[in-house]
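Close look at the chain arrangement
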Amino acid sequence: MNTNGFSEMFDLNSNNNILRSEPVLDEAEKMLIRQVGSTAHYAKGQIIFATGDISDRVYLIESGWVKIYRLSADGRRVTVGSIRSPGEMMGLAETLVGAERTCFAGAINDVAMVVMTKNKFEELMTRQPMLAIKVAKLLGARMREAEANIHEMVCWQAPGRLALMLIKMGERMGVQSKGGIKINLQLTHEEIANMVGTSRQTVTSLLNTFKQEQSIVYEGRAIRIVNPVKLAKWVI
């Protein structure tokens, strides 16, 4: 999805490091994975893996979106990783170290993915060292993102965390048009709250504030960012 113009509207990749990109598999690398894996389909809301599962496979998302989350003591689903999107791999770290899953992965909408066993994936990386380097860079980038997320959660107020989440979603999954950047991934306010570490009521109030200042507009349950510069001022 091409949203390069979104970044160009203002300096999202400046010293403030608002957006943090990670290495992306090219089509040839995806094809190598498809050749050794098998296709699986998951319906909206279906659990792909759960805490305590044996980590014996990795995944390449072909279509759909997946959230990585843990359950809090009161049963809330707390998102602990970025939403995984088409073209991304997931389930890597725990599989490579042979540890049990510590998180859940759930399909946000209908998902298709390529599934590889640990042995086949390790064999593939042995035969394709450039792919192994790409995976190492990917894991390093995700570690940096996790560290940044912890810093944001501790040091930033809820308005900045929510604005940044919308900016990231617009960059990664937004559809650009003359009217702005539409985020087609329809999440409830409760789901958004679990992603930014605040309450549903706070998210509803902040989204209304962003709407009143004309940073965003609602289109059904979808959100369109109409003024990313104004929205970014909550972050910078």
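These remarks concern the structure in this document.

Take the packing of aromatic side chains next. Counted by the stated rule, this structure contains three aromatic pairs. The interplanar angle of 35 degrees and the centroid separation of 5.9 Å between the aromatic rings of Phe49 and Tyr59 together place this pair among those described as tilted. A residue pair is termed long-range when its members are at least 10 positions apart, and Phe49 in strand β2 (residues 47–49) and Tyr59 in strand β3 (residues 57–63) qualify at ten residues. Neither Phe49 nor Tyr59 differs from the other in exposure class; each is buried.

What follows is about the nonpolar core. One finds Leu166, Leu185 and Leu207 to be the most contacted residues of the largest nonpolar core, which totals 29 residues. Put simply, the parts of the chain that give this core at least two residues each are α6 (158–173), α7 (189–196), α8 (200–212), β12 (222–225) and α9 (228–232). No other element matches α6, which puts nine residues into this core. Both domains that furnish three or more residues to this core are identified here as domain 1 (27–145) and domain 2 (156–233). For Leu207, the contacting residues outside a window of four places in its chain are Leu162, Leu166, His189, Ile192, Ile216, Tyr218 and Ile223.

One pass over the structure, following the stated rule, counts eleven salt bridges. The network of salt bridges with shared partners includes Arg84, Glu88, Arg142 and Arg172.

This paragraph deals with the side chain of Lys134. When you line up the elements, Lys134 lands in helix α5 (residues 129–155). The exposure class assigned to Lys134 is buried, which follows from its relative accessible area of 17%. In terms of polar contacts, Lys134 uses its side chain to reach the backbone carbonyl oxygen of Val24, at 3.0 Å. Excluding residues within four positions of it along the chain, Lys134 makes contact with Pro23, Val24, Leu25, Asp26 and Glu29.

Spatial ordering of the open sheet is given by β1-β8-β3-β6, a layout of four strands whose pairing is antiparallel. The open sheet has two edge strands, β1 (38–42) and β6 (89–90), and neither has a second partner. Lying over the sheet, helix α4 (residues 118–127) contacts β3, β6 and β8 (111–117), oriented at roughly 80 degrees with respect to β8.

Right, let's talk about helix α2 (residues 27–36) for a bit. Along α2, the residues that are buried comprise Glu29, Lys30, Ile33 and Val36. Viewed end-on, α2 has its buried residues packed into an arc of 130 degrees, placing them on one side of the element. Looking at α2, the residues exposed on the side facing more than 90 degrees away from the buried face are Ala28 and Gln35. Close packing links the buried residues of α2 with β3, β6, β8, α4 and α5. For α2, the N-terminal capping position is held by Asp26, with its side-chain oxygen 3.2 Å away from the main-chain nitrogen of Ala28.

Now for the environment of Glu29. Take Glu29: it is sitting in helix α2. Along the backbone, Glu29 and Gln128 are 99 residues apart, and their C-alpha atoms lie at a distance of 9.2 Å. Excluding its chain neighbours within four sequence positions, the residues that come into contact with Glu29 are Val24, Leu131 and Lys134.

Scoring rules and cut-offs
- Residues numbered from 1 in each chain as written.
- Predicted model: local features only at pLDDT ≥ 70, side-chain atom pairs only at ≥ 80, totals over all residues.
- Heavy atoms only, no water.
- Phe/Tyr/Trp six-rings, centres within 6.5 Å; stacked < 30°, edge-to-face > 60°.
- Helix = DSSP H or I, 4+ residues; strand = E, 2+ residues; numbered from the N terminus.
- Buried < 20%, exposed > 50% of the residue type's maximum accessible area, 1.4 Å probe, protein only.
- Core = buried A, V, L, I, M, F, W, Y, C linked by side-chain atoms within 4.5 Å.
- Domains from an automatic or database assignment.
- Contact = heavy atoms within 4.5 Å.
- Salt bridge = Lys/Arg side-chain N within 4 Å of Asp/Glu carboxyl O.
- Polar contact = N/O pair within 3.5 Å; in protein donor to acceptor, adjacent residues only side chain to side chain.
- Pairing = 2+ DSSP bridges.
- Axes fitted to C-alpha atoms, helices over the stretch in contact; angles between N-to-C directions.
- Arc of directions from axis to C-beta.

Everything listed here is a matter of geometry and, on its own, says nothing about what the molecule does.
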